[in-house]
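Here is what each chain is made of, one letter per residue.
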Amino acid sequence: MTDSNQLTSATYILELSFDAVQVTETLQYRIFTDAGERCDELGHGPLAGTFNFQKNDQIIVQIVGSAESKPGLGTIPEFDYEIVDCTLVSIKPPGDQDLSFFDPANACTAISGWKTDKPVVDPENSRVTITNSTKKPLLVTAEEGQWKISGYLSVIVKLNDKEMNKLYFFDPEGSVGTGGWG
């Protein structure tokens, strides 16, 4: 994502999204630059399939929840959600590297401190979307390495007259610097 020779840090947005009525537990995830350009995993080389960052890059986590009315109802659903917990778990390969992108000694990164945007209502599709963003970005502290990053999000979804406890997860791979490949 960033050139390994680049000296300045970059800011990225990790967008995690769910639908209030989805029956699967998988979060959709996408990464964007702070200018809104979508970032893809590396397509080739030793780090293919990873999102690549550099030390001192910052990552803002955004949770995007949405709900829509059943087709034909034409009403806007009453929708809200509360983030109970959001945690990233780094799983490193054997070797001498930090336990995570964000902490040399801790594989778990709990995310707290959220700010909520005003709900966006799309009356044409009877859809409501609510975005929560971290108040403080996560700082990439690792010099280099590779990790499987498992992310877990537990929320209380409030949809019309129902309240549901939900758990969602995502499982990308990430790397920092050269990923240990010199």
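To keep things clear, this report deals only with the structure shown in the data block. (Residues numbered from 1 in each chain as written. Predicted model: local features only at pLDDT ≥ 70, side-chain atom pairs only at ≥ 80, totals over all residues. Heavy atoms only, no water.)

### Topic: the overall build of the protein chain
We count it as follows: Only DSSP runs of H or I with at least four residues qualify as helices, and only runs of E with at least two residues qualify as strands; both kinds are numbered from the N terminus onward. Relative accessible area decides the class of each residue, using a 1.4 Å probe on protein chains only: under 20% of the type maximum gives buried, over 50% gives exposed, and in between gives partly exposed. Contacts are assigned to residue pairs that have any heavy atoms within 4.5 Å of one another. With residues, only the protein chains shown are counted as cover, and all accessible areas are computed by Shrake-Rupley using a 1.4 Å probe.
Tallying secondary structure elements over the protein chain gives zero helices and 14 strands in all. Helices (α) and strands (β) of the protein chain occur, in sequence order from the N terminus, as β-β-β-β-β-β-β-β-β-β-β-β-β-β. The burial tally for the protein chain puts 44% of its 182 residues in the buried class. Looking at the protein chain alone, contacts between residues at least 24 apart form 66% of all its contacts between residues at least 6 apart. Just so you have it, the protein chain exposes about 10,100 Å², and 50% of that area is on carbon and sulfur atoms.

### Re the environment of Gln 146
Applied cut-off: Whenever a nitrogen or oxygen atom comes within 3.5 Å of another N or O atom, the pair is scored as a polar contact, on the condition that within protein one atom can donate a hydrogen and the other can accept it, and that pairs from neighbouring residues in sequence are kept only if both atoms are in side chains.
Here Gln 146 shows up in strand 12 (residues 145-159). Spatially, the C-alpha atom of Gln 146 lies 8.3 Å from that of Thr 50, the residues being 96 residues apart in sequence. At a separation of 3.2 Å, a polar atom in the side chain of Gln 146 contacts the main-chain carbonyl oxygen of Gly 179.

### Considerations on the pattern of salt bridges
Spelled out, the test is: When a carboxyl oxygen of Asp or Glu is within 4 Å of a side-chain nitrogen of Lys or Arg, the pair counts as a salt bridge.
According to the stated counting rule, one finds five salt bridges in the structure shown. Among the ionic pairs, Arg 127 bridges to Asp 19, the shortest N-O distance being 3.2 Å. Taken together, the residues Arg 127 in strand 10 (residues 127-134) and Asp 19 in strand 1 (residues 11-19) connect sequence positions 108 residues apart. With its nearest N and O atoms 3.3 Å apart, the salt bridge here joins Glu 143 to Lys 55. Here the residue Glu 143 occupies a position in the loop between strand 11 (138-139) and strand 12, and Lys 55 occupies one in the loop between strand 4 (51-53) and strand 5 (58-68), the gap between them amounting to 88 residues.

### Looking at the environment of Phe 170
Considering the arrangement of structural elements, one finds Phe 170 in strand 13 (residues 162-170). For Phe 170, a relative accessible area of 3% gives the class buried. Excluding its chain neighbours within four sequence positions, the residues that come into contact with Phe 170 are Leu 14, Leu 16, Leu 27, Tyr 29, Leu 88, Ile 149, Ser 150 and Gly 151.

### Thoughts on the packing of aromatic side chains
The geometry of an aromatic ring pair is captured by two quantities: the separation of the ring centres and the angle between the planes. Our working rule: Two rings belonging to Phe, Tyr or Trp (six-membered ring only in the last case) form a pair when the distance between their centres is within 6.5 Å. Interplanar angles under 30 degrees mark stacking, angles over 60 mark edge-to-face geometry, and anything in between is tilted.
Tallied over the full model, the rule gives nine aromatic pairs. When the centroid spacing of 5.4 Å and the interplanar angle of 80 degrees are considered together, the rings of Tyr 12 and Phe 53 count as edge-to-face. Taken together, the positions of Tyr 12 in strand 1 and Phe 53 in strand 4 put the pair 41 residues apart, joining distant regions of the chain. Given a relative accessible area of 4%, Phe 53 falls into the buried group.

### Observations concerning the pairing of strand 1
Inclusion rule: Should DSSP find at least two bridges between two strands, the strands are regarded as paired.
Burial within strand 1 is extensive, with nine of its nine residues counted as buried. Neither face of strand 1 is exposed, since Thr 11, Ile 13, Glu 15, Ser 17 and Asp 19 on one face and Tyr 12, Leu 14, Leu 16 and Phe 18 on the opposite face are all buried. Pairing of strand 1 with strand 5 involves nine bridges; the strand directions are parallel. Paired with Glu 15 across the strands is Gln 62, a residue of strand 5. Strand direction decides the pairing type here: strand 1 and strand 2 (residues 28-33), joined by six bridges, are antiparallel. Bridging from a neighbouring strand, Leu 14 pairs with Ile 31 of strand 2.

### What about the nonpolar core?
Test applied: Among buried residues, the Ala, Val, Leu, Ile, Met, Phe, Trp, Tyr and Cys ones that are joined through side-chain atoms within 4.5 Å form a nonpolar core.
Among the nonpolar cores identified, the biggest contains 38 residues, and Phe 18, Ile 63, Phe 79, Tyr 81 and Leu 153 are the most heavily contacted of them. Per-element accounting of this core gives the leading share, six residues, to strand 12. The contacts of Leu 153, once residues within four sequence positions are left out, are Phe 18, Leu 27, Ile 63, Ile 83, Asp 85, Cys 86, Lys 166, Leu 167 and Tyr 168.

### So, the pairing of strand 13
Where strand 12 and strand 13 come together, nine bridges link them in antiparallel fashion. Paired with Ser 154 across the bridge in strand 13 is Leu 167. Turn length for the strand 12-strand 13 hairpin, with the two strands adjacent in sequence and antiparallel, is two residues, and the turn residue Asn 160 shows positive phi of about 55 degrees.

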